[in-house]
Protein chains: 2
Amino acid sequence: MARLQLEDLKQYAKEHMPGAIEILKEYLRLPTISAQNTAIPETVAFVVNMVREAGGEAQVLDGLGGNPVVYSFFPAGEGGDSEKTLLFYNHYDVQPPEPLEEWHSDPFNPVITDGILFARGVADNKGDLVARLAAIKVLQKAEGGLPCNIKFLIEGEEEIGSPNLAPYLEQYKDLFAADACIWEFGGKDAEERINMVAGIKGMAYLELTCIGAEIDMHSSVGAYVDNAAWRLVQALATMRNERNEILVEGFYDGMIPPTEEELEAVRALPFNEEGTAALYGLKRPLITAAKGEDPREAMVFHPTMTICGMVSGYTGEGSKTVLPKSAKAKIDCRLVPGQDPDHILQCVERHLEKHGFHDVKATSLNGQKAYRSDYSHPFIQHVVATANDVYEAGCVLAPNSAGTGPMFIFGELLQLPIVSTGVGWVKSKAHAPNESIRLEDFEQGIVHMAHMLAGFPEALKLAAEKVEA
Amino acid sequence: MARLQLEDLKQYAKEHMPGAIEILKEYLRLPTISAQNTAIPETVAFVVNMVREAGGEAQVLDGLGGNPVVYSFFPAGEGGDSEKTLLFYNHYDVQPPEPLEEWHSDPFNPVITDGILFARGVADNKGDLVARLAAIKVLQKAEGGLPCNIKFLIEGEEEIGSPNLAPYLEQYKDLFAADACIWEFGGKDAEERINMVAGIKGMAYLELTCIGAEIDMHSSVGAYVDNAAWRLVQALATMRNERNEILVEGFYDGMIPPTEEELEAVRALPFNEEGTAALYGLKRPLITAAKGEDPREAMVFHPTMTICGMVSGYTGEGSKTVLPKSAKAKIDCRLVPGQDPDHILQCVERHLEKHGFHDVKATSLNGQKAYRSDYSHPFIQHVVATANDVYEAGCVLAPNSAGTGPMFIFGELLQLPIVSTGVGWVKSKAHAPNESIRLEDFEQGIVHMAHMLAGFPEALKLAAEKVEA
């Protein structure tokens, strides 16, 4: 019976594909770059229309700071379980498209080549939202109504660290109440398994700035005038060594060590070292190799300190003999459960003072704590089981991702299990030029979400019975 | 008699000012950025017209690589000494104008405010060329002809290190033959003294590049993927310490130590530490202070290693969580006599290898040796004496400048004494936004060059008699 139903869902998903692709392409044409504050109102209006076109209620929540949050609600249909609610978390903003010269096509003019759709935000996260709305349409067509209530929280500041999400969640806590949550992202690995996570790393995103003078100077004065770029380089060099060990005192404070069970789960994760090297075109061995570390453990359990960008002085072609007045670096620390981004900032400030870099100032651009769901919750098992039904190569579930999102505030406030899955693939290049998804993965994502929703009330009932027993 | 003549020259210079300013403004509208290869042919044509309009012959030398060199010749007039020749060295190219947002006016649309003319290249070096041509017109008007032959070498690649000048000088050695040379630049210090130099530092301008991968990556992979920006930072940190000491083995090789006479001359130079700090808006003490060094000695006799620019990953507003595929730094080493830029590059390459930075590649963008004239030559004394006649606050002559130019190849090939002087002032901001000259300094520069030229044959005759005696 479930088998038969799955075949129906696949058939209906196929029929919905052309329409869903058209909607997605239109959505992708909006350059919704939160870091640059572009196209926000247009995108909010577009999202509201998409929800309403799919038969849902939409409400724009605004006025608590930052970009609006779109709340949407689809009630359970006749025969469905109106006591059970699934919440989808998505975001409508995207990363900046730079460096533009490396795109093979305009990042905001989606193109399809050999079944691959290229555009900024298609994998992260516009494709997932459109697939989820398509899954709702498929269920409505296949079953005449929805098996449970479905809610969406669609925010517009995920790519800058969701700095204003907490007040919205707190204010509208009852509106967003649900039994479980599907998070925004996911995709297939090099072996075509769908990769899902039940948690997320946190983040402390810092900007380090050194101002040495009020004007750029002729570089000949370097004989007696100090240099902001050298100051920043020397400050950075004290913060992390070549073995990827972070030398800032207190950085590792509070880290909750993984349980033996979590460690085992991570050691069972697939990881293709050669595939990773080939995918990115790496010029050096993995940095874990020098220390004999397991890259999977590093990915899930180790915090990081990454230079995401730095700039000083003249960066154009040829030579300009200038002594720059200032230098700036952007540093992204991925945190694990127990670490606190505010504490990280304080530790970096103390470190700079202690090492004599009073002229290098650290400011926080984004701080988020890490989160891990209870790995053994029946909802999580249900998502895994339905993924195994839909995806031929099966699925893989990690205790937490290497990436970041505002999962901590959801988990703390709404008290629900969370799994993240999505329609990406191994070459999706989220945050990089030529971001893409494959249309076949997009279609499978629609099927998985419809199939998961169809059995959702039943899975939760089993969970409740288990608790009562 | 000389006194009277000087007053005449001043009067004629004043009369020539409006015309000279118009020519200069037109010249400054050409964005002749050699590093970006813009407006070269238009500027060459403009320079040729300027020379011809002043009554000189002009010849465009081309075909030996790089931008054309303009040669120009003004013969001695009746009653002048046609056996004596003075050579002016100038360049028609300018530095890139970036950062554009810091200019108060368009860098290529000259504006005059309170007697100050703002534009890219006005101090370095377009203003000097126009002043020298105006001095020739003044002499022609005041004396009915020129006191000696006058030649110009006006090149178009000084701001990128004159990489193609040597072949032109070698090929046209006889054309450029002269008894003495006035170099391109100079200006007044905070005490209004005209600062001149009889030599110049050399340069090794290097670009350091680290490529870590073929694409930018999501920063979450920082747990196991090495980072080009960190690699470059760590490589740079091994090359120079916080005390401005260069740690690259062999960097100081071959340095010719200053003579006691040169040291004394430098110790007698004015240097206003507070004025320097205020001029640039420095946020920290001079880097010489920590070691108790004399900044004047550092300026003239110490080689430097300056980060002129660095860039990696995302450098825009806000946060982008990317692990950059590459990182780049531009490094400018100012060299003293005896140092060799090719040797410097080799030392840096060896240093990077030795410290394990096989992935950081150094390439040379510009290499020039340093030069010092014979400080006691009568021509040099003549330039000083005439400067003292013209400039109320007097003049200062250093054995060599802190800046760089292709003086070494002139000195080696043409065997002549060289002094550099010009129309800049203490706030000229060469190479920086809001570059400027004061019109009164421009006028005095015209007078000084005319006055210097008027007495030039006599000064050289005295020198020859001295040698014979």
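Only a predicted model underlies this, so the values are computations on that prediction, with no experimental measurement involved. Within each chain, residue numbers correspond to sequence positions counted from 1 in written order. Ligands are numbered from 1 and chains lettered from A, in the order in which they are written. Only residues with pLDDT of 70 or above have their local features reported here, since the model is predicted, and side-chain atom pairs are shown and tallied only from 80 upward, although totals for entire chains, interfaces and linings are computed over all residues. Heavy atoms throughout the structure, all of them, feed into the side-chain values; hydrogens and water do not.

S.K.: I keep staring at helix 12 (residues 439-454) of chain A and nothing clicks. Help me out?
M.R.: Given 3.6 residues per turn, any residue in an α-helix points the same way as the ones three and four places further on. For helix 12 of chain A, built from 16 residues, the straight-helix expectation of 22 Å at 1.5 Å per residue is met to within 8% by its first-to-last C-alpha distance of 23 Å. With 15 of 16 residues buried, helix 12 of chain A lies mostly within the body of the structure. What counts as a helix is a DSSP run of H or I of at least four residues, what counts as a strand is a run of E of at least two, and both are numbered from the N terminus. Here a helix's expected span is defined as the number of its residues, less one, multiplied by 1.5 Å. Relative accessibility under 20% of the residue-type maximum defines a buried residue, over 50% an exposed one, and the middle range a partly exposed one, all with a 1.4 Å probe and only protein chains included.

S.K.: Is there a simple way to think about the UniProt feature "domain: Peptidase M20 dimerisation" (unreviewed entry) in chain A in this case?
M.R.: UniProt positions are given in the numbering used here, feature names are shortened, and annotations may be inferred rather than shown by experiment. This chain's UniProt record puts "domain: Peptidase M20 dimerisation" (unreviewed entry) on residues 199-357 of chain A. Structurally, residues 199-357 of chain A comprises 30% helix and 21% strand, and the distance from its first C-alpha atom to its last is 36 Å.

S.K.: How do you make sense of the interface of chain A and chain B when you look at a structure like this?
M.R.: Interface extent is often summarised as the accessible area lost during association of the parts. Any two residues whose heavy atoms approach within 4.5 Å at even a single point are treated as in contact. Across the boundary between the two partners, chain A contributes 93 residues, which contact 94 residues of chain B. Of the roughly 8100 Å² buried where chain A meets chain B, counting both sides, 57% is carbon and sulfur surface. Here a salt bridge means any side-chain nitrogen of Lys or Arg lying within 4 Å of a carboxyl oxygen belonging to Asp or Glu. Ionic pairing is found between A:Glu214 and B:Lys283, a salt bridge with its closest N-O pair at 3.2 Å. Between N or O atoms, a polar contact is any pair within 3.5 Å; within protein, one atom must be a potential hydrogen donor and the other a potential acceptor, and residues adjacent in sequence are included only when both atoms are from side chains. Between chain A and chain B we count 44 residue pairs in polar contact (both at pLDDT 80 or more) in total. Basically, the charged four are Asp, Glu, Lys and Arg, the nonpolar ten are Ala, Val, Leu, Ile, Met, Phe, Trp, Tyr, Cys and Pro, and anything else, Gly included, counts as polar. When the residues that make up the side of chain A that touches chain B are grouped by side-chain class, the tally is 45 nonpolar, 26 polar and 22 charged. Strands were regarded as paired on the criterion that DSSP finds at least two bridges between them. As paired strands, strand 13 (residues 306-313) of chain A and strand 13 (residues 306-313) of chain B are joined by five bridges and run antiparallel to one another. What sits directly across from A:Ser312, in strand 13 of chain B, is B:Met310. Note on definitions: buried area is the accessible-area loss of two parts on being combined, 1.4 Å probe, summed for both.

S.K.: Can you help me understand the pattern of salt bridges in this one?
M.R.: In a structure, side chains of opposite charge can pair up when their charged atoms sit close to one another. Enumeration over the complete set of coordinates arrives at 52 salt bridges over all chains. With a shortest N-O distance of 2.7 Å, A:Arg438 and A:Glu192 are connected by a salt bridge. Remark: A:Glu192 occurs in the loop between strand 8 (187-188) and strand 9 (194-197) and A:Arg438 occurs in strand 20 (residues 436-438); sequence separation between them is 246 residues. By relative accessible area, which is 11% here, A:Arg438 ends up buried. The residue B:Arg231 makes a salt bridge to A:Glu242 at a minimum N-O spacing of 3.9 Å. With one member in each of two chains, B:Arg231 in helix 5 (residues 228-237) and A:Glu242 in the loop between helix 5 (228-237) and helix 6 (260-267) form a pair that bridges those chains.

S.K.: Is there a simple way to think about the side chain of B:Thr306 in this case?
M.R.: Along the polypeptide, B:Thr306 turns up in strand 13. If near-sequence neighbours (up to four positions away) are discounted, B:Thr306 is found in contact with A:Ser219, A:Gly222, A:Asn227, A:Trp230, A:Val322, A:Leu323, B:Lys330, B:Ile331 and B:Asp332.

S.K.: Any chance you could explain the nonpolar core here in plain terms?
M.R.: Within soluble globular proteins, side chains that are nonpolar generally end up buried alongside one another. By size, the foremost hydrophobic cluster in this structure holds 71 residues, and its most contacted members are A:Phe379 and A:Phe442. Beyond its immediate stretch of four places on either side in the chain, A:Phe379 contacts A:Leu86, A:Ala180, A:Cys181, A:Ile182, A:Pro417, A:Val419, A:Met452, A:Phe456 and A:Leu460. In this structure, B:Leu9, B:Phe46, B:Tyr92 and B:Val384 belong to the second largest nonpolar core, which totals 70 residues. To qualify as a nonpolar core, a set must consist of buried Ala, Val, Leu, Ile, Met, Phe, Trp, Tyr and Cys residues joined through side-chain atoms within 4.5 Å.

S.K.: Please clarify how the relation of the copies chain A and chain B should be interpreted in this entry.
M.R.: Turning one copy of the chain about an axis and sliding it along that axis gives the other copy, so a rotation and a shift relate them. Copy-to-copy superposition: least squares on the C-alpha atoms, limited to residues that have pLDDT of at least 70 in both copies. For the pair chain A and chain B, the superposition axis carries a translation of 0.1 Å, the fit reaches an RMSD of 0.1 Å, and the rotation angle comes to 180 degrees. The transformation relating the two chain copies, once decomposed into turn and shift, fits a two-fold axis. In terms of proximity to the rotation axis, the leading residue of chain A is A:Val311, whose C-alpha is 2.2 Å off the axis. In this assembly the copies share their binding face: 100% of the residues contributing to the interface of chain A also contribute to that of chain B.

S.K.: Please explain the state of the cysteines as it appears in this structure.
M.R.: Any covalent bond linking the sulfur atoms of two cysteines counts as a disulfide. The rule for a disulfide is simple: a pair of cysteine sulfur atoms within 2.5 Å. Summed over the entire model, instances satisfying the criterion amount to zero disulfides over all chains. In this structure A:Cys395 is not part of a disulfide, and its nearest cysteine sulfur, from A:Cys181, lies 18 Å away. We classify A:Cys395 as buried; its relative accessible area is 18%. Free cysteine B:Cys181: the closest other cysteine sulfur is in B:Cys148, separated by 13 Å. Take B:Cys181: its relative accessible area is 0%, and that puts it in the buried class.

S.K.: Sorry, what's going on with the sheet that holds strand 20 (residues 436-438) of chain B here?
M.R.: For sheets, the rule is that strands pair by backbone hydrogen bonds, running either parallel or antiparallel. All names here are of chain B. The three strands lie next to each other as 4-5-20, forming an open sheet whose pairing is antiparallel. Among the strands making up the open sheet, the edge pair consists of strand 4 (111-113) and strand 20. Sheet twist, expressed as the average angle between the axes of neighbouring strands with direction ignored, equals 25 degrees. In terms of strand pairing, strand 4 meets strand 5 (residues 116-118) through three bridges, oriented antiparallel. Its bridge partner lying in strand 5, Val-111 is registered against Phe-118. To get an axis, fit a line to the C-alpha atoms, keeping to the stretch in contact for a helix; angles then go from 0 to 180 degrees between the N-to-C directions. In this fold helix 12 (residues 439-454) packs onto strand 4, strand 5 and strand 20, with an angle of close to 70 degrees to the strand it touches most, strand 20.

S.K.: Honestly, the environment of A:Ile154 in this entry has me stumped. Any pointers?
M.R.: All names here are of chain A. Residue placement: Ile-154 occurs in strand 6 (residues 148-155). You can call Ile-154 buried: its relative accessible area is 0%. What Ile-154 contacts, discounting residues up to four positions off in sequence, is Val-47, Val-51, Pro-68, Val-69, Val-70, Asn-90, His-91, Tyr-92 and Leu-129.

S.K.: Explanation requested: unusual backbone geometry in the structure shown.
M.R.: Here the bond from A:Glu98 into A:Pro99 is cis, since omega is 0 degrees, no more than 30 degrees from zero. A cis geometry characterises the amide bond from B:Asp124 onward to B:Asn125, with omega recorded as 20 degrees. For A:Lys429, which is not glycine, the phi torsion reads 50 degrees and is therefore positive. Residue position: A:Lys429 is located in the loop between strand 19 (418-420) and strand 20. For A:Lys429, a relative accessible area of 28% corresponds to the partly exposed category. The phi angle at B:Asp114 is positive, at roughly 50 degrees, despite the residue not being glycine. As for its position among the elements, B:Asp114 is in the loop between strand 4 and strand 5.

S.K.: Just checking my understanding: could you explain the domain arrangement of chain A for this structure?
M.R.: All names here are of chain A. Domains are outlined according to an automatic or database domain assignment. Each domain of chain A was delimited in the assignment, giving domain 1 (2-200 + 371-468) and domain 2 (202-255 + 303-368). The straight-line distance from the C-alpha centre of domain 1 to that of domain 2 is 35 Å. Facing 10 residues of domain 1, the contacting portion of domain 2 comprises seven residues. When domain 1 packs against domain 2, the two sides together hide about 650 Å² of surface, and 46% of this comes from carbon and sulfur. Three residues, Gly-161, Arg-372 and Thr-404, lead the burial of domain 1 against domain 2; their summed loss comes to 58% of the area buried on that side. Where domain 1 meets domain 2, there are zero salt bridges. Where domain 1 packs against domain 2, one counts three residue pairs in polar contact (both at pLDDT 80 or more). When the residues that make up the side of domain 1 that touches domain 2 are grouped by side-chain class, the tally is four nonpolar, five polar and one charged.

S.K.: For this particular structure, what's the right way to read the environment of A:Ala398?
M.R.: Residue and element names in this part refer to chain A. The residue Ala-398 is located in strand 18 (residues 395-398) in this model. You can call Ala-398 buried: its relative accessible area is 8%. C-alpha separation for the pair Ala-398 and Thr-363, spaced 35 residues apart in sequence, amounts to 32 Å.

S.K.: Teacher, can you tell me more about the packing of aromatic side chains here?
M.R.: Aromatic rings considered in pairs are described by the distance between their centres and by the relative angle of their planes. Each pair of aromatic rings taken from Phe, Tyr and Trp, with Trp reduced to its six-membered ring, is defined by centres within 6.5 Å and is described as stacked if the planes are under 30 degrees apart, edge-to-face if over 60, and tilted in the remaining cases. In total, this model carries 20 aromatic pairs over all chains according to the counting rule given. With centroids separated by 5.4 Å and ring planes inclined at 85 degrees, the aromatic side chains of A:Phe251 and A:Tyr252 adopt a geometry described as edge-to-face. Ring geometry for B:Tyr27 and B:Phe46: centres 5.4 Å apart, planes at 15 degrees, overall stacked. With B:Tyr27 in helix 1 (residues 2-28) and B:Phe46 in helix 2 (residues 40-53), the pair connects residues that are 19 residues apart, well separated along the chain. Assigned by exposure class, B:Tyr27 and B:Phe46 land together as buried.

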